[in-house]
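# Fold and geometry: a report
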Amino acid sequence: MTPLQPDLSCRRRFLSKSGGGFGALALGDLLASETFTPRPEFNGGLHHPAKVKRVIQLFMTGGVSPMDTFDYKPALEKLHGQKLGPKNKPEGFTAAVGAMMKSPFEFRQHGNSGRWVSNVFPHQAEIVDELTFLMAMTSKTNVHGPSTLMMNTGFLLTGFPCMGSWISYGLGSLRDNLPTFVVLPDPKGLPYNAKAAFSSGFLPAQHQGTMINFTGKGEAISNLFPDKRYPFAGGAADDDGLKLLAELNRHHAESDPANSQLDSRIQSYELAAKMQLAAPEAFDLSRESETTRKAYGLDNKVTEDFARRCILARRLVERGTRFVQVWSGPDGPVNNWDNHNNIEKELPPMAASVDQPIAALVRDLKARGLFDDTLLIWTTEFGRTPFAQGSVGRDHNGGTFVTWMAGAGLKPGVAYGESDDWGYKTASGKTYCYDLHATILHLMGINHEKLSVRQNGIDRRLTDVHGHVVEDILA
Amino acid sequence: MSEGSQYSHVIIALMAALTVSRVVAEEAKAGHLAHFNDKVLPLLQEKCFKCHSHESGKMKGGLTLDSRAGWSVGGDSGPAIVPGDPDKSLLIKAVHRLDDDYAMPPKEALTEAEVKILVDWVRAGALDPRGEKGTAKVERPDTNWWSLRPLKPTGPPKVEGINHPIDAFLSVKRQASGVSPSPHADRRTQLRRLTYGLHGLPPTWESLKQFEADPGDGAYERLVDALLDSPRYGERWARHWLDTIHFADSHGCEHDMERPNAWRFRDYVIERFNADVPWPRFIREQLAADVFHPEQMVALGFIGAGPLEVSSKGTAPVTFAYLDRDDMVNQTMASFASATAGCARCHDHKFDPISQDDYYALQAVFAGVDKGDMKYDADPRIAAKRKPWQALLKAAEQKDATILLAADHQREAKAWADRRGGDASWDVLQPTTFVSTGGAELKLLDDGSILAGGNSPATENYVITAEPKQPKTATAIKLELLPHESLPHNGPGRQPGNGNLHLNAFTCQLFEAGSKEPVNLPILSASADFNQEGWTISHVLDGDPRTAWGIHPQEGKKHYAVFLFKEPVKLKPGSRLAVSLEQSHGTQHVIGRFRLSLTESSPEQAQVLPPGVRDALSTPADQRSKEQQLAIAAHVASEVATAELDAISSAQQTVFGMNKKSVPLTVNVLNRGDIEQPLEVAHPGAISAMSVLESRFHLSDPNNEASRRAALAKWLASAENPLTWRSIVNRVWHYHFGRGICDTPNDLGRMGGQPSHPELLDWLAVWFRDEAKGSLKKLHRLIVTSDAYRQQSVIREDAARIDGDNRLLWRMNAMRLDGEQYRDSIRQVCGRIDLTMGGPGIKHFVQTKGVFMTPNLNYDAYDWSRPDAGRRDIYRVVWRGIPDPFMEAMDFPNLGLLTPKRTHTISPLQSLVLFNSDFVLYHADCLARQLKQESAAISQCVASAYRRVLQREPGNFELSRMQAYAEAHGLAATCRLLFNTNEFLYVE
């Protein structure tokens, strides 16, 4: 699991460091950044020992309603029907504020930790003792796009690198035969902001999330292999071609022997060929046992899609991908977690589509020992109002919402922070995306204040100028 | 009134708003001031700033003590000081350590003497000059920073044997370090470098032969001139500018919708580079063409170049309009002045002398504009045609009797009234079916109206069908909204609070007898008897699901609207009408009772007239009062003028640029950049650090927003502005050498790079301003004719040991082709390039409707054999949030941000794209077909491929290996390899 080390003669090494062409973005970029080097004495961390080496992030697009899932609010039952909310429509609410609305779902306590979970998540209810909850996450906006960006990039507007890109930039790859940062979007469509939510922003392009089309139709990774329309490409033409290309390129490099960029490009084709071997194996879910397939719900129409992507996420991290992001729900106001019109009708099908796969993923990661160095994150962009929108829906609410994490370096079965009695704002332990990101980076051996890149005059960080590690949840 | 006195007027107004301490007697004030400066400030700096200042970057508890605003607004617990009242001041409580949670400083208590200093200060009114204008600020960053110093013309150093001024400057530094320059590259390399650099394309084999055959004096210079004269130059250099200002063809952000009119600005930039417009004029056009150059209104596309979060126009206007102005400020200051103004949004710039006041002064410049589609007269002469109709419209609005009651207008009004005759006659439409998609119960009443009851949904859509018996031809359809006692507040809507309703859309379809396929009946216009403010009847037809027609506060009575059909509708026996009333606004803004009717009367009779006109028409013509005559005349004049203006406007063009607000917003300085914490009002201006330039603009009418932009344009384009001139010459240098003299082209401040050759940069800036008169083509010519530019790029060990980074330019930098250069080259070498210029963008994707506002783009499905596939990439549609994966792999920037320079990465995913993408394989096949037509012999074909792709003959080794490969796998496979070689990808 050590990053690829370039085999360079001393003379080469000197020259590549001192003048590998302009811009100094040479071989170092093939691996990670030149500025940041993972340190073996820190278990691959940059600034202190890492507990986490790989991450799976599950993102629920649309804003999961906390008071209908994990944040039990008995007060709403008493206040149901009363007009108590703000008189003027706050920014980002899409409609006038309605009366207080209790959850139409039944809540019960689960596990030794006694977490309250509603009956929309029966499977996750069984594993609450494995999870670490942040019960008072908050956002700076009630608008989907900017809030989704905040949770992924730390900024309200587009152009900034997301967490997966920062981690790829800071730590590089674990293995060189698979992409470092993989994105599995909902086949129904891209999330809000389209690809900007997993963009590398101003970081070099190889830290971009590699989007995988995992629907069973078409190629999973574009351009991994040539299309069959071109009979002159593929097979032996590729094998012989890559050999000849390397030969031609080496011959050409003799005219400028100290130019390390030329070497890097030669190596990049070798790595591409490795990826062509490794990726199809990783994508082949038929290698999974029947028990596993059933446990995730691959045999059920409702759960099939999310199950497929959760299994793939596990297979990828197992094989050395650093960061995998799995999205539930496309953009827009329907078919995702943006349940404006009718919570009772719109939330359960979304919940059912992910609940069993998520619980299976947690059990599977644990059973395979992956939780020794893997972190799983379940999150969304914001919560929803305790007041009704219309009569039975809920509007956007950045005031408070729930995120949970599981895996290495965390205290399982604990919760940090609380929302107020209505679930409208945070009451204690307020946590911004900055704090979540700082904590995740901390677990990976990174001081979030030190992972920065200067861009147009500012040293930019994932955590902007904010962020505190949530020490209370660390093991 | 002189400009100066106007300005002081503004200053006084600002001061009056600010100073509380005016009342303090001057003498006492001086004493208090001394106490503050000598005792209080040093104490705060020593004991408090560590955790409560911008300098330290820490604002514990949200509190800063490095400005007056810091403590007066205070932190999470509120204001830290109540002037005059130490007992109520949290800061004093904290230093007294009365409460554990508030004991400050946390570790070491202040001495009694120190506490007394603070108590005395607070008791005396907490005089703090730091927030006041005109008084000394706490240490401010250096205004003597190199990029802010005035430009001083200094001649190039005299170096024997060197004639070119650039080489003279470079030579002095190289000699000092003991590094020698490299010899000129061979002619092929020089030609490739120039053609790629100026055109973004490779030279042709023929142009190389021609150039090699002309070794005479001046051949190189003639080549440079020819390249600069070609329109290919503007196409290449426009791309650099579009990167710099983050221009794209879609909004980006949550709703990443297309900007179908943005391309006109892209064409403008190409045209201006080709026309070699002087740089100051280029600045003035893009910021304020409406003031300086109305014939170039399209240039205002600059203002709209960046991303747009459409919540700024909808659900969250305050937050996102503010951030959108921030984007305009950053873009303008970074691209023209290489200044990072945005760093001063939350606090004074930590490193550069840009204050928060300066930043908000810049925001105030853009306080009157929003990004959006902008109509403009492509030909400014059209404006003259518009004038008389605008005057007439104004007269109609003002009911100007002298104009409207003049004979010709009276004649026109009378003719109209005669033509109109009486009111329209209406036939009620008897519904056959009526459905509520919201689940309400609909009941047909005896008068043909429909009443809703039962379930009261948040949104509604009523669909009504009918087989009309009368009339035979319909010119218009009327929707009546009727009150009813069963409805809340008697209706006519079902909104429980007031009986209002919102109609978002109205559509009418015709089923011919026996047909199941409806025909949509287009609506020409709509009019209503009453419009709720902001919810007018026109919204029903605007296609925007968020807008609607409403009747608040006139609920409880009948209202009606008339929709004129675009063409009269023939209603044959057996044909059916289907009407849909969409009410999607939500919160039960739905219709309670309504009725539909048709008419065959003329549109003039059918349309709803303003109340005054209705009254006037009901009076016999000879008995009308003057007011009544005026009402009719005004209506007719308004109709005529509007029609004429619409006709003229249809000749207008549209570009995505800016829309003006009626009055500029008031911009406040914001404490910590927080919109919840406004401080004083900001006055339009720019950076104050350069004393030769006015930092707050003299505006005769502050409400004239264009004058604000014009003032900033003047400020930027001023010969005295050192940033502007340094910025542009450095930018151009960056593109030629791959690295600027200062290697951060958007930031010449302290966080940016140090210039490697400051004297050269300054000399170039002055030369460009004074000698070249702002001509970029002259600047290019100067740079590319230098020996430095013409050198070999090979890394020499002797020089690399001293200057591995090549800051001394002892060799030329080799540069990798960017995505556009790569693809345009391939198009050219396989004869597929189409040099058509301009026009709407080429979409290299298949576009389908997305889930919501953002469409789906499938780049993999694009067919490269399409005729438009040969157009240069500058003409492709750049979707901000859904980038082209090929271009992304080749480091096309994320245009959410300004991109002064591109990165050049190498990665396995990039190699996969270059080896396997449809683009490369399709064109490899194209090239192979062409080669086969030229010759049957494979060796000939391989040689020809080398000449086209690399502009050289293959070596023996290459020829034999490639020939063998071609024989085994085909010529197309060979071309694919050539497209992947390092030699093709790098310009030496």
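Everything numeric in this text was worked out from a predicted model, so none of it was measured. (Residues numbered from 1 in each chain as written. Chains lettered and ligands numbered in written order. Predicted model: local features only at pLDDT ≥ 70, side-chain atom pairs only at ≥ 80, totals over all residues.)

## A few points about the overall build of chain A
A count of helical and extended segments in chain A gives 12 helices and 16 strands. The C-alpha atoms of chain A give a radius of gyration of 24 Å, which matches the 23 Å a tight globule of 475 residues would have. Dimensions of chain A along its principal axes, counting C-alpha atoms only, are 80 × 50 × 40 Å. Relative to its full complement of 475 residues, chain A shows a buried share of 63%. For chain A, the share of sequence-separated contacts (at least 6 apart) that also reach a separation of at least 24 residues comes to 74%. (Helix = DSSP H or I, 4+ residues; strand = E, 2+ residues; numbered from the N terminus. Rg over C-alpha atoms; globule rule 2.2 N^0.38 Å. Buried ≥ 20, exposed ≤ 12 C-beta atoms within 10 Å, placed from the backbone. Contact = placed C-beta atoms within 7 Å.)

## So, the overall build of chain B
On a plain count of helices and strands, chain B comes out with 34 helices and 22 strands. If you line up chain B on its principal axes, its C-alpha atoms span 100 × 100 × 60 Å. In chain B, buried positions account for 51% of the 988 residues. The long-range share in chain B, meaning contacts at least 24 apart out of those at least 6 apart in sequence, stands at 69%.

## Things to note about the interface of chain A and chain B
Opposite the 87 residues of chain A that make contact, chain B presents 85 residues. Considering each element in turn, the side of chain A that touches chain B owes the most residues, 10 residues, to helix 7 (residues 236-253) of chain A. Considering only residue class, the side of chain A that touches chain B consists of 39 nonpolar, 37 polar and 11 charged. (Nonpolar A, V, L, I, M, F, W, Y, C, P; charged D, E, K, R; others polar.)

## As for the sheet that holds strand 12 (residues 415-416) of chain A
Residue and element names in this part refer to chain A. If you trace the eight strands from one edge of the open sheet to the other, you get 6-5-7-1-8-11-4-12, paired in mixed fashion. Unpaired on one side and paired on the other, strand 6 (210-211) and strand 12 mark the two borders of the sheet. With two bridges connecting them, strand 4 (residues 132-137) and strand 12 associate as parallel partners. Paired with Phe133 across the bridge in strand 12 is Ala415. (Pairing = 2+ DSSP bridges.)

## With respect to the confidence of the model for chain A
Per-chain confidence: chain A averages 90 in pLDDT, with 92% of residues scoring 70 or above. pLDDT under 50 marks residues 1-33 of chain A. Its contacts with residues more than four places away, or in other chains, come to 73 contacts. (pLDDT = per-residue confidence, 0-100.)

## As for the packing of helix 7 (residues 187-199) of chain B against helix 9 (residues 219-229) of chain B
Packed helix pairs are characterised by how far apart their axes lie and by the angle those axes make with each other. Residues and elements named next belong to chain B. Where helix 7 meets helix 9, the axes come as close as 10 Å, and the angle between the chain directions of the two elements is 25°. Classified by the angle their axes make, helix 7 and helix 9 are roughly parallel. Handedness of the helix 7/helix 9 crossing: right-handed. Contact with helix 7, carried on its side by Leu194, Thr195, Leu198 and His199, involves Leu223, Val224, Leu227 and Leu228 of helix 9 and no other residues of that element. (Axes fitted to C-alpha atoms, helices over the stretch in contact; angles between N-to-C directions. Parallel < 35°, antiparallel > 145°, perpendicular 65-115°, else oblique. Left-handed = near helix turned anticlockwise from the far one by under 90°.)

## Describing the domain arrangement of chain B
Annotation of chain B at the domain level lists domain 1 (4-131), domain 2 (143-183 + 719-809), domain 3 (277-377 + 658-717), domain 4 (426-600) and domain 5 (918-987). Distance from the C-alpha centre of domain 3 of chain B to the C-alpha centre of domain 4 of chain B: 45 Å. (Domains from an automatic or database assignment.)

## Here's the deal with the environment of A:Thr374
Residues and elements named next belong to chain A. Structurally, the position occupied by Thr374 is in strand 8 (residues 374-380). A residue is classified by how many C-beta atoms lie within 10 Å of it, and Thr374, with 22 of them, is buried. Sequence separation of Thr374 and Asp305 is 69 residues, and the distance between their C-alpha atoms is 23 Å. Apart from the residues within four sequence positions on either side, Thr374 is in contact with Val52, Arg54, Ile56, Val317, Leu365, Gly407 and Ala408.

## Remarks on the confidence of the model for chain B
The predicted structure's coordinates, where accompanied by low pLDDT, should not be read in detail. Residues and elements named next belong to chain B. Chain-level statistics for chain B give a pLDDT mean of 89 and a share of 95% at 70 or above. Low pLDDT, under 50, characterises residues 1-24; the predicted model gives this stretch 19 contacts beyond four residues in sequence or across chains. When the criterion is pLDDT under 50, residues 132-139 qualifies, and its contacts beyond four places in sequence or with other chains add up to nine contacts. In the model output, the complex is listed with pTM 0.78 alongside ipTM 0.88.

## Section: the sheet that holds strand 10 (residues 505-511) of chain B
Residues and elements named next belong to chain B. Taken in spatial order, the five strands make up an open sheet running 5-8-14-10-11, and their pairing is antiparallel. Each edge of the open sheet carries a strand with a single partner, namely strand 5 (431-436) and strand 11 (519-520). The sheet contact formed by strand 10 and strand 14 (residues 576-583) spans seven bridges and is antiparallel. Bridged to Leu510 within strand 14 is Leu577.

## Digging into the pairing of strand 8 of chain A
Residues and elements named next belong to chain A. Burial runs high along strand 8: six of the seven residues are buried. In this sheet, strand 11 (residues 401-407) lies alongside strand 8 in antiparallel orientation, the contact comprising four bridges. Note that in strand 11 the partner of Leu376 across the bridge is Ala406.

## Brief notes about the nonpolar core
The nonpolar side chains of a soluble globular protein tend to be buried with one another. If you look at the biggest cluster of nonpolar residues, it comprises 309 residues, and the most contacted ones within it are A:Leu184 and B:Val729. With 11 residues, the top contributor of residues to this core is helix 11 (residues 343-367) of chain A. The next biggest cluster of nonpolar side chains, apart from the first, holds 43 residues, and it includes B:Leu429, B:Cys508, B:Trp549 and B:Leu571. (Core = buried A, V, L, I, M, F, W, Y, C linked by C-beta atoms within 7 Å.)

## Structural notes on the pairing of strand 15 (residues 452-455) of chain A
Residues and elements named next belong to chain A. Pairing of strand 15 with strand 16 (residues 458-461), which is carried by four bridges, proceeds in the antiparallel orientation. When the sheet's bridge partners are listed, Ser452 is paired in strand 16 with Arg461. The hairpin formed by strand 15 and strand 16 contains two residues between the paired strands, and Asn456 there has a positive phi angle of roughly 40°.

## Re unusual backbone geometry
For the bond running from B:Met104 to B:Pro105, omega is -10°, close enough to zero to count as cis. You can see B:Pro105 is positioned in the loop between helix 4 (90-96) and helix 5 (112-123). Here the residue pair B:Gln470 and B:Pro471 is connected by a cis peptide bond, since its omega of -10° sits within 30 degrees of zero. Structurally, B:Pro471 is set in the loop between strand 8 (460-466) and strand 9 (473-481). Positive phi outside glycine occurs at A:Asn335, with the angle close to 60°. As for its position among the elements, A:Asn335 is in the loop between strand 7 (323-328) and helix 11.

## Points about helix 17 (residues 407-420) of chain B
Taking 1.5 Å as the rise per residue, helix 17 of chain B with 14 residues should run 20 Å; its terminal C-alpha atoms sit 20 Å apart, in good agreement. Just downstream of helix 17 of chain B, B:Gly421 is the residue with a positive phi angle, here 70°. (Expected span 1.5 Å × (residues − 1).)

## Looking at helix 11 of chain A
Residues and elements named next belong to chain A. Compared with the 36 Å implied by 1.5 Å per residue over 25 residues, the 35 Å span of helix 11 between its first and last C-alpha is a close match. Its maximal kink placed at Ala352, helix 11 deviates by approximately 30°. Of the residues flanking the end of helix 11, it is Gly369, one or two places downstream, whose phi is positive at about 75°. (Bend = angle between axes of the 7 residues up to and from the residue.)

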